[in-house]
Amino acid sequence: MMSSENRSDFSASCSSISEEARAKINLALHVTGQRPDGYHLLDMLVTFADHGDRLDFMPSPTDEFTLSGRFGETLAGDGGTNLVLKARDLLREAIGPLAFPVRIQLEKNLPVASGIGGGSADAAATLRGLMRLWGTSLPEEALAALALKLGADVPMCLASRPLIARGIGEKIEPVPELPVLAMVLANPLKGVSTPEVFRRLATKNNPTLRLAPSLRGTADWLAAIGAARNDLEPPAGEMVPEIAVISAMLQAHGALLTRMSGSGATCFGIFATMAAAEDAAAALHDERSDWYFQATETVSGGA
Ligand SMILES: C[C@@](CO)(OP(=O)(O)O)[C@H](O)COP(=O)(O)OP(=O)(O)OC[C@H]1O[C@@H](n2ccc(N)nc2=O)[C@H](O)[C@@H]1O
Ligand SMILES: Nc1ncnc2c1ncn2[C@@H]1O[C@H](COP(=O)(O)OP(=O)(O)O)[C@@H](O)[C@H]1O
């Protein structure tokens, strides 16, 4: 049997692989119906932040999992239910004997249960990272099906690029022309239960998301996003009154547009420049140092 000293030599001698788990931002989220199994049909315009959790993967004599980062403690007592471990186990089952034991380190920088899909992004990053470490991959359709088993948001977090998602989140269409946006993510650090927000929805058959086919430049996109909605914001706002407060704070600090992401409670503010976003995040932090404020650019769609 290997001693703990030998074990760390073993890990150190093997190269590690890193993956970013980017925060998911629902620029718009329309609830358009409900499936017989209770899941809601959604139309979502989604982008990803240049900010998120970080995962490191390395070979190890036995499977190991460690947590660090500002929000690592929040997940410390979850007794093996972490989505990272679920993703590892499902992928291993699909891959078979090539899937040797791994050490996974999760630096948890994103608030938990906050509407920016941290858990889903971690699960997706685990799939990407372990396929690289294990030197294998799954056919696209099998990978998409496995991702969906982990959660409705996981397929889009695998892409981590601007996109429109429909169905329950699995029907994905890239939106390469969505511009990079300067943003502040703001959260009052009150976790929100996603099923509870869906349960409180007054209407499930809301108008679909319609975007003009020829949106050009940031001003056009801001007008289009502004005309869309997040149908989950009213029910989440009933549960967490701080959502309205934090949204007003973003506006007071110069946000051109504010909205809640996902099932909340994170709200985003879009700013004219990254300098304006960084100034606003610093001022907001001075006002409420016990809340979460993060300036970030969103990723490019690559168009
Ligand atoms: C609302 C969204 C919008 O992007 O984001 P978050 O607030 O979680 O970030 C997602 O649809 C969340 O996706 P995800 O967090 O992966 O959801 P899942 O684990 O699959 O489902 C959690 C629960 O949410 C409800 N749910 C989720 C997705 C969906 N389309 N309809 C639903 O009704 C169901 O009650 C389900 O049991
Ligand atoms: N790696 C993880 N990061 C965050 N939450 C996780 C993770 N693994 C499991 N969870 C659980 O998933 C639930 C949703 O978390 P999260 O993905 O952060 O929410 P949201 O999708 O609303 O942003 C939480 O209740 C949390 O306990």
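Just so we're clear, the structure is a prediction, and the values are computed from it rather than from any experiment. (Residues numbered from 1 in each chain as written. Chains lettered and ligands numbered in written order. Predicted model: local features only at pLDDT ≥ 70, side-chain atom pairs only at ≥ 80, totals over all residues. Heavy atoms only, no water.)

## Section: the overall build of the protein chain
Then comes step 1: Of the regular secondary structure elements, the protein chain holds 10 helices and 10 strands.
Then comes step 2: Its C-alpha atoms give the protein chain a radius of gyration of 20 Å, near enough to 19 Å, the size a compact globule of 303 residues would have.
Then comes step 3: By principal-axis analysis of the C-alpha atoms, the protein chain measures approximately 60 × 45 × 40 Å.
Then comes step 4: Counting every position in the protein chain, which comprises 303 residues, the buried fraction comes to 50%.
Then comes step 5: Taking all contacts inside the protein chain whose residues are at least 6 apart in sequence as the whole, residues at least 24 apart take part in 77%.
Then comes step 6: Surface exposure of the protein chain reaches about 13,400 Å², of which carbon and sulfur atoms provide 52%.
Then comes step 7: For the protein chain, the distance from the average site of its 26 positive side-chain charges to the average site of its 35 negative ones is 5 Å. (Helix = DSSP H or I, 4+ residues; strand = E, 2+ residues; numbered from the N terminus. Rg over C-alpha atoms; globule rule 2.2 N^0.38 Å. Buried < 20%, exposed > 50% of the residue type's maximum accessible area, 1.4 Å probe, protein only. Contact = heavy atoms within 4.5 Å. Areas by Shrake-Rupley, 256 points an atom, 1.4 Å probe, with all protein chains shown as cover. Lys, Arg positive; Asp, Glu negative; His and termini not counted. Charge placed at Lys NZ, Arg CZ, Asp CG, Glu CD.)

## Section: the pattern of salt bridges
Then comes step 1: All told, the structure shown has 20 salt bridges when counted by the stated rule.
Then comes step 2: The partner of Glu19 in a salt bridge is Arg128, with the nearest N and O atoms 2.9 Å apart. Residue Glu19 is located in strand β1 (residues 17-34), and its partner Arg128 is located in helix α3 (residues 118-133); the two are separated by 109 residues in the primary sequence.
Then comes step 3: Accessibility expressed as a relative area gives 11% for Glu19, which makes it buried.
Then comes step 4: Residues joined in a network through salt bridges with shared partners are Asp63, Arg88, Asp89 and Arg92. (Salt bridge = Lys/Arg side-chain N within 4 Å of Asp/Glu carboxyl O.)

## Observations regarding the pairing of strand β9 (residues 267-271)
Then comes step 1: The element β9 is extensively covered by neighbouring structure, given that 5 of its 5 residues are classed as buried.
Then comes step 2: Burial along β9 is two-sided: the residues Cys267, Gly269 and Phe271 and Phe268 and Ile270 are all buried.
Then comes step 3: Where strand β7 (residues 182-187) and β9 come together, 5 bridges link them in antiparallel fashion. Bridged to Met183 within β9 is Ile270.
Then comes step 4: Note: strand β8 (residues 257-260) against β9, 4 bridges, orientation antiparallel. (Pairing = 2+ DSSP bridges.)

## Section: the site of ligand 2
Then comes step 1: Of all residues adjacent to ligand 2, which total 16 residues, the nearest are Asn82, Lys108, Ala113, Gly117 and Gly119.
Then comes step 2: The separation between a nitrogen atom of ligand 2 and a polar main-chain atom of Leu83 is 2.9 Å.
Then comes step 3: At 2.7 Å, a backbone N or O of Gly117 approaches an oxygen atom of ligand 2.
Then comes step 4: In the complex, the protein chains occlude 75% of the 540 Å² of accessible area that ligand 2 would expose alone.
Then comes step 5: Put simply, ligand 2 lies in the largest pocket.
Then comes step 6: The leading source of residues in the shell around ligand 2 is α3, at 4 residues. (Near = heavy atom within 4 Å. Polar contact = N/O pair within 3.5 Å; in protein donor to acceptor, adjacent residues only side chain to side chain. 1 Å grid on protein atoms, 1.4 Å probe; cavity = no way out; pocket = protein on both sides within 12 Å on 5 of 7 lines; lining within 4 Å. Sits in = over half its atoms within 2 Å of the grid points.)

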